[in-house]
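Summary of the model geometry
Listed below, chain by chain, are the residues.
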Amino acid sequence: VWGFVLWRATRSGCGGAQKWADPPDWVAQRPSIPGYYIGISSANKAQFGDEASSTAKKRALADMAGQIRVVIESTSILHTTQFQGVAGQNFSERISSASAEDLEEYELAGTYEDANDQWAYYRLSKATYERIRNERKMATLEIAGGYWISAENARTEGRVAAALDFYIRALESMEAYWGELNEWKAPGGTLALDRACLDGITQLLSGLQLQPAVTEMALSFADRYQGTLACAVRFGGKPAAQIPVWSRYSRGTLPKTASLSTNSEGTCTFEVGQFEPGVKSSELRLEIRLDDLAPRLKDSPVQRLIQSLPTPTVTV
């Protein structure tokens, strides 16, 4: 019954009118088969013409993919607690974007047509689907694991921007599996790879230090109320080169902003001046901003995972 079924129209009578076979049970009532996902749909002949059969099949595959998404979504949300502070719905929305193109090794269990419509019926073994999905996931984790190793090496060497970029790439490659338990066999033992990447990013940011040369500076008439402020950035107690530092201070009515990168000695120097008459005091805010440190975040889905992490900030 579950093999490939092709219903053919037969002709009878002198007028050559078509007599269609009775529809199979699955057309009238959707079956429920333990151990299988199913997809059934139809397409109107008058509307789709010669494309009615292919349209019905595409719709049936989409219907089956929809059934699978519900199952994945309902189980994955159970594991979203590994992403602290991130709403579970973000993951369900990502997972629900899967499509029929993700399916493999499904079977065409039946087709049927009558005077008005073409029907198609697909099925896919749940065990087969899980096997294929696990194989894809393991291959993905191997790629992400390679990025994680590169990130760890860069962090050890004090290459902050490079390490952050590798961590982000690792998380991006795992996007389809966010919210699931992503255990990977690392050289030192098994770890939750997504959690390890997030921990690495947190440690990177917490290890950065902004150290202005002074916490207060006085500008005099003799210097035309202008001066310079040196700022050092250190990571793990050592100078950190190529770290972008953003600054902002009020000159009166209009603020002035600037962004500089630290040199090989981990320092940069900001020009302060151009104050409007009557200004007695101001505050200069220095900050290492995440978007500047990792430009790829601008168009990365990882941004919503880490955008709330604190970054170093000081005021002079």
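In short, a report on the structure. (Residues numbered from 1 in each chain as written. Predicted model: local features only at pLDDT ≥ 70, side-chain atom pairs only at ≥ 80, totals over all residues. Heavy atoms only, no water.)

Considerations on the pairing of strand β4 (residues 107–113)
In this sheet, strand β5 (residues 117–125) lies alongside β4 in antiparallel orientation, the contact comprising 6 bridges. Bridge pairing in β5 links Tyr-112 to Trp-119. Hairpin remark: β4 followed by β5, antiparallel, with 3 residues in the connecting loop. (Pairing = 2+ DSSP bridges. Helix = DSSP H or I, 4+ residues; strand = E, 2+ residues; numbered from the N terminus.)

Points about helix α6 (residues 160–173)
Compared with an ideal rise of 1.5 Å per residue, which puts 14 residues at 20 Å, α6 spans 20 Å between its outermost C-alpha atoms and is within 8% of the ideal. Looking at the buried residues of α6, the elements they touch are α5 (126–156), α7 (193–207), β8 (208–212), β9 (227–235) and α8 (290–293). (Expected span 1.5 Å × (residues − 1). Contact = heavy atoms within 4.5 Å.)

Things to note about α5
An α-helical turn contains 3.6 residues, so a residue and the one three or four places further along point in the same direction. Over its 31 residues, α5 extends 44 Å from the first C-alpha to the last, a length consistent with the 45 Å expected when each residue adds 1.5 Å. For α5, the full list of buried residues reads Thr-128, Tyr-129, Ile-132, Arg-133, Lys-137, Thr-140, Leu-141, Ala-144, Gly-145, Trp-148, Ala-151 and Ala-154. Its side-chain oxygen placed 3.3 Å from the backbone nitrogen of Ala-127, Ser-125 serves as the N-cap of α5. Immediately beyond the C-terminal end of α5, within one or two residues, lies Gly-158, with a positive phi of roughly 80°. (Buried < 20%, exposed > 50% of the residue type's maximum accessible area, 1.4 Å probe, protein only. Polar contact = N/O pair within 3.5 Å; in protein donor to acceptor, adjacent residues only side chain to side chain.)

Thoughts on the packing of aromatic side chains
Under the definition given, this model contains 6 aromatic pairs. Considering the side-chain rings of Trp-26 and Tyr-121, the 5.2 Å spacing of their centres and the 45° angle between planes classify their relative orientation as tilted. Placement of the pair is Trp-26 in helix α1 (residues 25–28) and Tyr-121 in strand β5, with a sequence separation of 95 residues. Just as Trp-26 is buried, Tyr-121 falls in that class too. When the centroid spacing of 5.8 Å and the interplanar angle of 85° are considered together, the rings of Tyr-37 and Tyr-129 count as edge-to-face. You can see Tyr-37 sitting in strand β3 (residues 36–44) and its partner Tyr-129 sitting in helix α5, a full 92 residues away along the chain. Taking the relative accessible area as the measure of exposure, Tyr-129 reaches 11% and is therefore buried. A cation sits over an aromatic face here: Lys-126 above Tyr-37, 5.3 Å from the ring centre. (Phe/Tyr/Trp six-rings, centres within 6.5 Å; stacked < 30°, edge-to-face > 60°. Lys NZ or Arg CZ within 6 Å of the ring centre and 35° of its normal.)

Considerations on the sheet that holds β3
An order of β3-β5-β4 is seen for the 3 strands of this open sheet, with the pairing classed as antiparallel. Unpaired on one side and paired on the other, β3 and β4 mark the two borders of the sheet. Averaged over all neighbouring strand pairs, the angle between strand axes comes to 15°, with direction disregarded. In terms of strand pairing, β3 meets β5 through 9 bridges, oriented antiparallel. By the bridge assignment for β5, Ile-38 is matched with Arg-123. Here α5 sits on the sheet and contacts β3 and β5; the angle it forms with β5, its principal contact strand, is near 65°. (Axes fitted to C-alpha atoms, helices over the stretch in contact; angles between N-to-C directions.)

Concerning the sheet that holds strand β12 (residues 255–261)
With antiparallel pairing, 4 strands are arranged side by side in an open sheet as β12-β11-β14-β15. At either end of the open sheet lies a strand with only one pairing partner, and these are β12 and β15 (313–315). When strand polarity is set aside, the average angle formed by the axes of neighbouring strands in this sheet is 15°. With 7 bridges joining them, strand β11 (residues 244–250) and β12 adopt antiparallel strand pairing. Opposite Pro-244, over in β12, you have Ser-261 as the bridge partner.

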